[in-house]
Amino acid sequence: MGLLENWINKGRLKSPWVVHFDCGSCNGCDIEVLACLTPVFDVERFGIINVGNPKHADVLLVTGTVNHRNKKVLKNIYDQMPDPKAVIAIGACGTSGGVFRECYNVVGGVDQVIPVDVYVPGCPAKPDAIIDGVVTALDVVKAKLGLGEMPKVTVID
Amino acid sequence: MQSVSGDVHPEVSRLSFVLCYEVRMLDTLVFGSVVFPLLAALAVYFVRGDAARNIIVPVSVAITAAAALGLAGLGSFSYSPQAILGISLNGLITVLDFALLGFIFLIALRMGNLLIMGLTVLQVLGMVYLDFFLMDHGTQVTGFYADSLSLTMVLIISIVGGLICFYGLGYMKEHEEHLHLAKSRQPRFFFFMLLFLGAMNGLVLANNLSWMYFFWEVTTLCSFMLIGHDGTDEAKTNATRALWMNMAGGVAFVAALMFLQKSMGTLSVQDILAKSAAPGMKTAALLLPMAFLCFAGFTKAAQVPFQSWLCGAMVAPTPVSALLHSSTMVKAGVYLVIRMAPAYQGTMLSAAVAIFGAFTFIATSALAVGQSNGKKVLAYSTIANLGLIIACAGINTSAAIAAAVMLIIFHAISKGLLFLCVGAIEQKIGSRDIEAMRGLFKVMPRTAVITVIGIVTMMLPPFGMLLAKWMALESAATATAAMPPLVIMLALGSALTVLFWARWAGVMLGSTVPGENPPSEHQPFTVRLPLLLLAGGAVGLSLLSPFVYSMLVAPATALYAKATAYTVSMGVFENNAGVFAVYPLFLLLGVGFVYALRAAKKVGPEAASLPYMGGSQKVVDGKIGFNGPMNGFVETAAGNYYMESLFGESKLSKSINVIAIVLLAVMLGGVL
Amino acid sequence: MLTFIAALIGLALTPVVGGLLAGVDRRVTARLQSRFGPPILQPFYDVLKLLGKAPMVVNSWQVMSAYIYVMSSALAVLLFFMQGDLLLLFFVMTIGAVFQVVGALSVPSPYAQVGAQRELLQMLAYEPLIIVVFVGISMATGSFKIADVYAMEKPLLLSMPFLFIALGYALTIKLRKSPFDISACHHAHQELVRGVLTEYSGPHLALLEIGHWFDVVLILGLCSLFWHTSIVGMVALLVVTYAAEILIDNICARMTWPWMLKNVLGVGLVLSVFNLLWLYVS
Ligand code: SF4
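Per an unreviewed UniProt entry, chain A goes by EchC and derives from Nitratidesulfovibrio vulgaris. UniProt's Sequence similarities (unreviewed entry) comment on chain A is quoted here verbatim: "Belongs to the complex I 20 kDa subunit family."

Listed below in structure tokens is the structure:
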């Protein structure tokens, strides 16, 4: 079984399927996430596929702040991702609440609701930083699997 | 199979005690299959009371089934009883014929239905002409003749039909409780059910066509009585429709009798088939009556454009539908078409029959796609399968006839099962709509699984139906006449079949949390037993399909064509055109299936999740839905695509009927 | 016995070939879109990863269906390599297709339900074509046995070019390529969420993916029967066919199911009838 386990681990690091959840973003960050899929950035090089369904996803990309209305949805989507999985908070809003932080209805950053593995700040975050974030998230997964060291930097800027 | 000469030839019977014993045996067995059900029917009718009925019905169907098994054990025979209780049988049947027609005329008179009266009068006139002017009463016609085709039919009728009657006991009790009847009408119900079995047995055993005609009309009458059993307006209308359509077939039957008597000088099926084999015999004189007989068969088998009577028959209590669809009535129609197949082999009539059957197959499969009413889907699928059987009879090669007989056997079991399932479901959930059966597994786990088994045996390999369909398709490809349109229709029709079965099976298997079992269900014993037996039979008999083939089907096809249809060795069917490896497939698929089941069992509740609903999934009172506007709960609703705009009855029926009538006209006109 | 062992080896190699094909397909598609594309081995990474994920299902029927799907697809491929009966292997393949739909329908998920209905319509579109192609083959060779195809002297393509095009329709649908990728398209994120596959995840999705590879190889195998006389011709035919599929995928939009039914059954069946008549006459 050791061989198969090795192969599976290899697959885990080479095939991060992402699901993108817009948690109240101004759409600035969303556009940047989608830009990653264009031929200019072509994330499929890294085996990244943008799927529409948390059940198929390995990495959750969250853009925007969490508010009281959608925190349950965020949690639900996270819960519907089968293990192993990773979460990336994107943009100033995702990391901390950003410009909306003090609003009456805002809970704050993504990590207020679910555990976040990698932060990609910026307003909006740059596509290359987002890609870097996904690749870093793979390192986090690798570390969690006990196959490597935890990356020193989990905040990409 | 051993062959017994049952002709009561005095010298022979005196010669050998064994033979004598067998003849007496034959007497008893034929009596047990044909006349005994009538006596039992009279008994249930006159001995009222639940307790008596609960004994009479099981015992008498058991006796009939035993007689059927006994007959099958004896093998093919020909047998001419001359008299019963000193009355000449020929005379008796003639008298009964007229009595029956008179009775139907009275019914029509009471309803004021001119059409049926006219059709009855036509038959009476025909019979008078036949009996008093045409018939040479000096010639002997063997009364009963059985080969493996008839014996197969007898087995199906007596066993599957018997189980359905048994199921009727529990079903009708509940049915009448629903209706709050002042006086139970069950005696009448079971009278006709049992009579039906006897008449069907008589029909398939009869060698004398005028006897067959008598039994034919008895089944018409029984179906009319049973369809109208509940006495509602709808039931009455539909029963009337069934009556006139079948009487139209009856007229064609009488016409065929007259032509045959005139041109062939005999009404013995065996003599006609033997004569037709001679070269140069297949002229209009023979083919015209054959076309009429086929037409009669089409009406009875509810082929387009007569499909509406069988669909309307669903208003009757479920055991009736099950009986009509699986083992009796409609099977009489295809039986007649197959029985006469050698007489029109290699003619244009045969090609026309094939095309007509294939058209029914595709047309009614398409109609079934547009239905969400479960019983209607079953009804259309029955008609489609009968169409396929008729197409096989029309293709008329040994492989095609084998396919037809296989279809009859396996369809009877699976379809009987499915009707009984829908009946049980309807009594529990109060609906026969497929949409209402969504997630049925949570409510009736056992029945849901049995229904799915029934559906799977209808449509997937390695089960018997699919084996038969495979034979049908492969023999269609080698058909000599009209092949391209034939195969296209069969291919398209079979794809449509997959569509409506698969989605029905899917919706019934509803959600339960993995690792958790739904509460077990309770059913009356008389309902549960037939369901289990038929489900077991559908799977088990498929497993035995090589034996079924070599014991029942191959001898039946041998009577039709010299060439062997398939050689069977180690459970592998093979001929020049193809191979179907039943046992290897059963083995591999079975192992795979068990493995799949075990894998499914292994997944525990920790793997449970709700369906994906954009992250707002929610469960309220055990219902799955999502958190909708204003924080309100919205239950998910889904519906199958029934595509009424493409496959709706209102959309298709008219053009289907027109095409069917044209095809029939071409068929009848073509022989002239 | 020897054929059986050879068939088993073929069966074992099939997922490898299927995965590689999918990899090449993704790479070529990326190039057509002026992207670089994933590694050729990417489909294997995907499936391995999925196999390693925690199972997550709504009910156990899904698990059963996923297993039955792979099993029946593998069995169909085995029958192909055993040079068995064309019609039979097609029916065996249908088992898997039906159970995939049954599994999806057993879940009260709107996406899975819509996907399942569409999958059924896709089956309705390709099944008659495949059956008719087989009938054509049986007319040309006299039987449905694959062994008899190999006994032919001339390639089938010469006598049944139109049926080959009809088979191409079926291939496009089975490959889930545009314009017929209506039941499980992963480009339709929000409307369909992979449709019939929505509720299958992790290892069970991996099983369906492997089953899909079996199916693709099987249909390409059927295409290969059209030029059985030389390996070069066979490979050339397959390469051209697959390249055409990729091209069509990239230049077409996803269409609706009524369009699909009309187009596939209309054009496909007319082509088939034409070709059947041709075979019938000759
Ligand atoms: S970080 Fe900036 S661009 Fe991104 S969602 Fe927030 S406000 Fe918009």
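Moving on, there is more to tell.
Q: Just to check I follow, could you spell out the interface of chain C and chain B for this structure?
A: Where the parts come together, the accessible area they lose is often given as the size of the interface. Across the contact, 65 residues belong to chain C and 73 residues belong to chain B. In this assembly, chain C packs against chain B so that about 5500 Å² is buried in total across both faces, 78% of it on carbon and sulfur atoms. Counting the surface chain C buries against chain B, the share from its top three residues, C:Trp61, C:Phe91 and C:Gln117, is 11%. Remark: the boundary between chain C and chain B carries one salt bridge. Of the charged contacts in the structure, one is a salt bridge between B:Glu574 and C:Lys145, with a shortest N-O distance of 3.2 Å. Our enumeration of links across chain C and chain B arrives at ten residue pairs in polar contact (both at pLDDT 80 or more). A per-class count over the side of chain C that touches chain B returns 45 nonpolar, 14 polar and six charged.

Q: Sorry if this is basic, but what is going on with helix H6 (residues 148-179) of chain B here?
A: Residues and elements named next belong to chain B. Between its terminal C-alpha atoms H6 stretches 43 Å, which fits the 46 Å expected from 32 residues at 1.5 Å a residue. For H6, the principal kink sits at leucine 169 and spans about 35°. Among the 32 residues in H6, 26 count as buried, and that is most of the element. Where H6 begins, one side-chain oxygen reaches toward the backbone nitrogen of leucine 149, 3.0 Å away; that side chain belongs to aspartate 147. Positive backbone phi, approximately 55°, marks histidine 180, located one or two places after H6.

Q: Mind showing me how you'd approach the site of the ligand here?
A: Residues and elements named next belong to chain A. Every residue close to the ligand is listed here: Ser25, Cys26, Gly28, Cys29, Gly91, Ala92, Cys93, Gly122, Cys123 and Pro124. Listed by contribution, the elements that provide at least two residues to the shell around the ligand are helix H2 (28-35) and helix H4 (91-96). When grouped by side-chain class, the residues that make up the shell around the ligand number six nonpolar, four polar and no charged.

Q: How should I be thinking about the interface of chain A and chain B in this particular structure?
A: The partner chain B presents eleven residues to the ten residues of chain A that form the contact. Between chain A and chain B, the buried area comes to about 710 Å², and carbon and sulfur atoms account for 39% of it. Per-residue buried area on chain A facing chain B is highest for A:Arg69, A:Asn76 and A:Gln80; these three make up 54% of the total on that side. At the boundary of chain A with chain B, the tally comes to zero salt bridges. The tally of links between chain A and chain B comes to six residue pairs in polar contact (both at pLDDT 80 or more).

Q: Help me understand the pairing of strand E10 (residues 623-627) of chain B, please; the structure alone is not making it clear to me.
A: For a regular strand, the rule is simple: side chains alternate between the two faces of the sheet. Residue and element names in this part refer to chain B. As paired elements, strand E9 (residues 617-620) and E10 share four bridges and run antiparallel to each other. Residue pairing across strands places glutamine 617 opposite phenylalanine 626, the latter belonging to E10. Between the end of E9 and the start of E10, which pair antiparallel, lie two residues, with aspartate 621 showing a positive phi angle near 50°. Bridge count between E10 and strand E11 (residues 633-635): three bridges; the pairing is antiparallel. In the sheet register, glycine 625 faces E11, and the bridge partner there is glutamate 635. A loop of five residues connects E10 with E11, the two strands running antiparallel in sequence, and methionine 630 in this loop sits at a positive phi of about 55°.

Q: What should I look at first to understand unusual backbone geometry in this one?
A: A negative phi angle characterises most non-glycine residues, just as the trans form characterises most peptide bonds. Cis geometry marks the peptide bond from B:Val304 to B:Pro305, where omega comes out at 0°. Position of B:Pro305 among the secondary structure elements: in the loop between helix H11 (284-300) and helix H12 (307-312). With an omega dihedral of 5°, the bond running from B:Pro461 to B:Pro462 counts as a cis peptide bond. Residue placement: B:Pro462 occurs in the loop between helix H19 (445-459) and helix H20 (464-477). Although it is not a glycine, B:Met329 sits at a positive phi angle of roughly 50°. Along the chain, B:Met329 falls in the loop between helix H13 (318-327) and helix H14 (330-339). The backbone phi angle of C:Arg194 is positive, close to 70°, even though this residue is not glycine. For C:Arg194, the position within the fold is in the loop between helix H8 (161-174) and helix H9 (202-224). With relative accessibility at 16%, the residue C:Arg194 sits in the buried group.

What counts and what doesn't
Counting of residues starts from 1 at the beginning of each chain's written sequence and follows it residue by residue. To read the labels, note that chains go from A and ligands from 1, taken in the order they are written. Reporting of local features is limited, given that this is a predicted model, to residues whose pLDDT is at least 70; pairs of side-chain atoms are given and counted only at 80 or more, and all residues count toward the totals for whole chains, interfaces and linings. By convention in this description, side-chain values take in all heavy atoms of the structure and omit both hydrogens and water. UniProt positions are given in the numbering used here, feature names are shortened, and annotations may be inferred rather than shown by experiment. Residue contacts follow a heavy-atom distance rule, with two residues in contact if any of their heavy atoms lie within 4.5 Å. We define buried area as the total accessible area lost by two parts upon association, computed with a 1.4 Å probe and summed across both. The term salt bridge refers to a side-chain nitrogen of Lys or Arg lying within 4 Å of a carboxyl oxygen of Asp or Glu. Under the rule applied, a polar contact is a pair of N or O atoms within 3.5 Å (in protein, one hydrogen donor and one hydrogen acceptor; residues adjacent in sequence only if both atoms are side-chain atoms). Just so you know the grouping, Ala, Val, Leu, Ile, Met, Phe, Trp, Tyr, Cys and Pro go in nonpolar, Asp, Glu, Lys and Arg go in charged, and all remaining residues, Gly too, go in polar. Helix numbers and strand numbers start at the N terminus; a helix is a DSSP run of H or I with at least 4 residues, a strand a run of E with at least 2. One less than the number of residues in a helix, times 1.5 Å, gives the span that helix is expected to have. The angle between axes fitted to the seven-residue stretch ending at a residue and the seven-residue stretch beginning at it gives the bend at that residue. The classification of residues rests on relative accessible area computed with a 1.4 Å probe and restricted to protein chains. Under 20% of the type maximum is buried, over 50% is exposed, and intermediate values are partly exposed. We call a residue near a molecule or strand when any one of its heavy atoms sits within 4 Å of it. The criterion for strand pairing is that DSSP finds at least two bridges linking the strands in question.

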